[in-house]
Number of protein chains: 2
Amino acid sequence: MREGPDIARIASLVGDPARANMLSALMGGTALTASELALEAGVSLPTASSHLSKLMEGGLLTLASQGRHRYYGLAGPQVAGMIEAITGVAAAVGPQRVRPGPRDAAMRVARVCYDHLAGERAVAMLDRLVARQVLLRDDKVIQLGPSAASHFAAIGIDIHTKARRPVCRACLDWSVRRSHLAGTLGAAILDKILAEKWARREKDSRAVIFSPVGKQAFETTFLA
Amino acid sequence: MREGPDIARIASLVGDPARANMLSALMGGTALTASELALEAGVSLPTASSHLSKLMEGGLLTLASQGRHRYYGLAGPQVAGMIEAITGVAAAVGPQRVRPGPRDAAMRVARVCYDHLAGERAVAMLDRLVARQVLLRDDKVIQLGPSAASHFAAIGIDIHTKARRPVCRACLDWSVRRSHLAGTLGAAILDKILAEKWARREKDSRAVIFSPVGKQAFETTFLA
DNA sequence: CGCATAGTTCGTTCCTCATCGAAGCATCCT
DNA sequence: AGGATGCTTCGATGAGGAACGAACTATGCG
């Protein structure tokens with residue numbers, strides 16, 4: 001057996017779909033609670049708790065407790081760099097084998113990512129909101145700008161919420177290799193799009209299909 | 001389920017001890033045969049064959065066939081970078097937990113790595129052979145220098161061999177974070193050290209324990 | 001103080017994967 | 001042409017780990 005660092009042990013921590021989803025979710029830089037990570041991973045709370053214990057024992061996460069909330073984060077930039085490197089290889093070897101069809105094209109344009117919009121339209125929307133300074137962004141966090149409340153009120157989106165999740169959060173979008181908007185605001189925007197029937201979710205898929213009228217309305221509202 | 005590259009699948013390929021050992025062995029940059037990788041991994045040929053199929057399917061390896069020999073290599077610098085990143089995290093989180101004892105100290109000084117010497121003494125030996133230009137080294141390969149044949153003949157080591165493995169190969173030594181010498185020459189040197197009884201293998205360990213006389217002889221022969 | 005919420009632990013079940021011996025295939029040497 | 005070598009495939013076995021419901025613990029609010 002070869003000497004040196006036990007790369008199998010570290011890699012196997014990442015090599016489970018549930019844990020990989022948690023780590024990817026934390027790549028946005030914000031700490032997330034155990035319940036939020038359970039949702040991101042698509043598993044039950046006990047299962048998520050078990051996975052988080054393993055990631056903690058393996059040294060990949062940090063933990064900050066606040067009352068009964070447990071906020072988890074990546075252990076540092078070296079762990080983030082490793083996730084980046086693995087993601088880069090996955091992206092490089094992946095598409096060589098998968099032939100994108102119409103469905104994958106639809107997924108790239110717009111899709112649901114847990115509870116918010118992802119895809120090219122979502123990335124463009126975030127860029128535009130930042131450009132207009134409705135949202136403010138540095139390299140770590142996204143915050144509401146001064147005009148955010150009135151801007152979203154005019155659209156019919158209430159940005160105030162009792163939920164304890166962050167209002168704004170960057171979510172890495174590997175289909176276009178940039179970030180889109182997650183958080184309670186991201187979720188509220190997706191709710192609005194679906195409620196106004198600008199777009200609908202495709203059956204058995206996460207693709208979000210805009211109608212021609214809906215596409216126009218979305219662009220008028222978010223990309224003008 | 002989160003969209004984007006499937007990092008769990010790639011990470012799980014690395015996350016098995018046998019496959020991790022194979023990938024680490026290939027980090028030296030030279031292609032290795034299926035049999036050699038089976039030895040590096042410490043598993044039987046059928047098991048190694050199964051693992052190599054998985055790594056090929058996953059896009060982490062390349063294959064060059066030559067007659068009945070199958071030579072495997074890493075698929076490219078991006079894969080090597082990923083292994084480096086994982087190794088860095090493993091090294092960073094690992095030592096924080098393991099308290100090295102006397103046995104680990106012996107392992108750091110000198111040990112067997114598959115069929116050649118590893119550890120501080122092995123790294124120092126390679127440095128000295130390169131400094132004296134007995135061996136020539138660039139950033140990719142290690143080659144025999146013009147005086148290599150006579151140099152090793154004087155020591156009683158025949159560098160010519162019918163084995164198809166490379167004569168010289170760099171092997172990453174994570175105990176000192178530099179390379180030592182693998183390949184048929186590395187194996188021959190270890191054979192010499194053991195045959196002359198300069199050192200012996202510790203029972204149930206890969207540590208190589210030099211006697212005081214043997215240490216002196218090794219230094220005279222390889223570090224002068 | 002009682003109820004609600006966030007999260008952990010326990011026990012059980014089921015599935016996946018690593019392992020190897022045997023057999024077989026392809027290549028090479030005598 | 002036959003035997004040897006390198007490697008793959010097949011079939012069987014056993015172990016480990018992910019999953020969740022139930023129960024429990026800690027924290028917070030009315």
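Our structure is the block above this text.
First, a word on what this report is: a plain description of the structure on this page. (Residues numbered from 1 in each chain as written. Chains lettered and ligands numbered in written order. Predicted model: local features only at pLDDT ≥ 70, side-chain atom pairs only at ≥ 80, totals over all residues. Heavy atoms only, no water.)

Things to note about the sheet that holds strand β2 (residues 61-66) of chain B
Residue and element names in this part refer to chain B.
Now for step 1: Taken together, the three strands give an open sheet; going across it, the order is β1-β3-β2, and neighbouring strands pair in antiparallel fashion. Whereas interior strands pair on both sides, the edge strands pair on one side only; in this sheet they are β1 (32-33) and β2.
Now for step 2: Note that β2 and strand β3 (residues 69-74) share six bridges and pair antiparallel. Of the residues in β3, the one forming a bridge with A64 is Y71. (Pairing = 2+ DSSP bridges. Helix = DSSP H or I, 4+ residues; strand = E, 2+ residues; numbered from the N terminus.)

Examining the protein's contact with DNA strand D
Now for step 1: Taken together, 20 residues sit near DNA strand D, with H51, G67 and R68 of chain A together with S35 and S49 of chain B positioned nearest.
Now for step 2: The contact atoms of DNA strand D, taken as those within 4 Å of the protein, divide so that sugar and phosphate hold 75%.
Now for step 3: Taking T47 of chain A, its side chain carries an N or O atom lying 2.9 Å from a phosphate oxygen of DNA strand D.
Now for step 4: Contributions of two or more residues to the surface near DNA strand D are made by α4 (45-57) of chain A together with α3 (34-41), α4 (45-57) and β3 of chain B.
Now for step 5: Among the elements that make up the surface near DNA strand D, the one with the highest residue count is α4 of chain A (four residues). (Near = heavy atom within 4 Å. Polar contact = N/O pair within 3.5 Å; in protein donor to acceptor, adjacent residues only side chain to side chain.)

Notes on the interface of chain B and chain A
Now for step 1: The interface of chain B with chain A comprises 47 residues on the first partner and 47 residues on the second.
Now for step 2: Roughly 3900 Å² of surface becomes buried between chain B and chain A when both sides are summed, with 66% attributable to carbon and sulfur atoms.
Now for step 3: For the pair chain B and chain A, the interface holds zero salt bridges.
Now for step 4: In terms of residue class, the side of chain B that touches chain A is built from 27 nonpolar, 10 polar and 10 charged. (Contact = heavy atoms within 4.5 Å. Buried area = accessible area lost by both parts, 1.4 Å probe. Salt bridge = Lys/Arg side-chain N within 4 Å of Asp/Glu carboxyl O. Nonpolar A, V, L, I, M, F, W, Y, C, P; charged D, E, K, R; others polar.)

Overview of the protein's contact with DNA strand C
Now for step 1: Surveying the vicinity of DNA strand C reveals 20 residues, the closest of which are S35 and S49 of chain A together with T47, H51 and R68 of chain B.
Now for step 2: Across the atoms of DNA strand C situated within 4 Å of the protein, the share located in sugar and phosphate is 74%.
Now for step 3: At 2.9 Å from a phosphate oxygen of DNA strand C is found a main-chain nitrogen or oxygen belonging to R70 of chain A.
Now for step 4: Contributing elements (two or more residues each) for the surface near DNA strand C: α3 (34-41), α4 and β3 (69-74) of chain A together with α4 of chain B.
Now for step 5: With four residues, α4 of chain B is the largest single contributor of residues to the surface near DNA strand C.
Now for step 6: When grouped by side-chain class, the residues that make up the surface near DNA strand C number six nonpolar, eight polar and six charged.

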